[in-house]
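One letter stands for each residue in the lines below.
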Amino acid sequence: MKQAAARAAIALVPEDSVVGVGTGSTANYFIAELGRIRNRLDGAVASSEATAKQLKALGIPVFDLNGVDDLAVYVDGADEVTSHLAMIKGGGGALTREKIVAAVARKFVCIADQSKRVHVLGKFPLPVEVVPMARSYVARELVKLGGTPVWRKDFVTDNGNAILDVHGLTITAPAELEERLNQIVGVVTNGLFARRAADVLLLGTAQGVQTITG
Ligand code: 5RP
């Protein structure tokens, strides 16, 4: 189902464009599909070092985002996605770069299998990237908001930071919580993608790929 969604996303990649590429097992299927059409692409912007490595291995040029002023489309997976196309992302720890690339892209295409579709976000622990020296402070602030933060030990993000995975949240107002979490000093990014939600969800199901727009 992940692969079918990834395959369907290829139709949304314009000819001769630079494509933003996400991170994770679903994005990996998309990278493999991009390899087949690499001659139709100008190149890609990667949301992680791991993705950049895979793209380069397929002979796809990887550009620094600072040199790219127009990104037609960004394709990435999600850990949870609602019918409004708000998401929890960051299970792979790439949330900050993912959010930056998503902000630049004109269209965000989420690719996911049906297990990722939820009514309310929060069963999947919400990743929060924090500056390492602020980890305990941010954790205490997250407890005040009703969450149970767990330090993702032995994990350092591509930006040299730590991740707190916040359990026990029932997120009924994702855009508000996203903004609130960003106000905690020491938080680099949180894994709520609600203020910049996806524009299209390609959901792999047992009956085929459904296209859902917000
Ligand atoms: C990585 C992400 C991924 O998109 C998310 O974790 C989904 O991963 P997968 O496609 O492996 O289920 O946000 O930071």
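Residues numbered from 1 in each chain as written. Predicted model: local features only at pLDDT ≥ 70, side-chain atom pairs only at ≥ 80, totals over all residues. Heavy atoms only, no water.

1. Focus: the layout of surface pockets
When its volume is computed, the largest pocket comes out at roughly 280 Å³. Ala46, Phe63, Asp64, Leu65 and Arg97 are the residues nearest the centre of the largest pocket, which is lined by 15 residues in total. Elements supplying a minimum of two residues to the lining of the largest pocket: strand E2 (43-46), helix H3 (49-57) and helix H4 (95-104). A class-by-class count of the residues in the lining of the largest pocket yields eight nonpolar, three polar and four charged. (1 Å grid on protein atoms, 1.4 Å probe; cavity = no way out; pocket = protein on both sides within 12 Å on 5 of 7 lines; lining within 4 Å. Points joined across faces, edges and corners; volume = space filled by probe spheres on them. Helix = DSSP H or I, 4+ residues; strand = E, 2+ residues; numbered from the N terminus. Nonpolar A, V, L, I, M, F, W, Y, C, P; charged D, E, K, R; others polar.)

2. Let's talk about the packing of aromatic side chains
Scanning the entire structure with this criterion turns up two aromatic pairs. Geometrically, the ring pair formed by tyrosine 74 and phenylalanine 108 is edge-to-face, given 5.1 Å between the ring centres and 75 degrees between the ring planes. Of the two residues, tyrosine 74 sits in strand E3 (residues 71-76) while phenylalanine 108 sits in strand E6 (residues 105-113), which places them 34 residues apart along the sequence. For the residue pair tyrosine 74 and phenylalanine 108, the accessibility class agrees, reading buried in each case. On the numbers, 6.4 Å between centres and 90 degrees between planes, the contact of phenylalanine 108 with phenylalanine 193 is edge-to-face. Within this pair, whereas phenylalanine 108 is found in strand E6, its partner phenylalanine 193 is found in strand E11 (residues 192-193), the two being separated by 85 residues in sequence. Each member of the pair, phenylalanine 108 as well as phenylalanine 193, is classed as buried. One aromatic cluster is present, built from ring pairs that chain together Tyr74, Phe108 and Phe193. Sitting over the ring of phenylalanine 193, lysine 99 keeps its end group 5.0 Å from the ring centre. (Phe/Tyr/Trp six-rings, centres within 6.5 Å; stacked < 30°, edge-to-face > 60°. Buried < 20%, exposed > 50% of the residue type's maximum accessible area, 1.4 Å probe, protein only. Lys NZ or Arg CZ within 6 Å of the ring centre and 35° of its normal.)

Remember that the coordinates give geometry; whether it matters functionally is a separate question.
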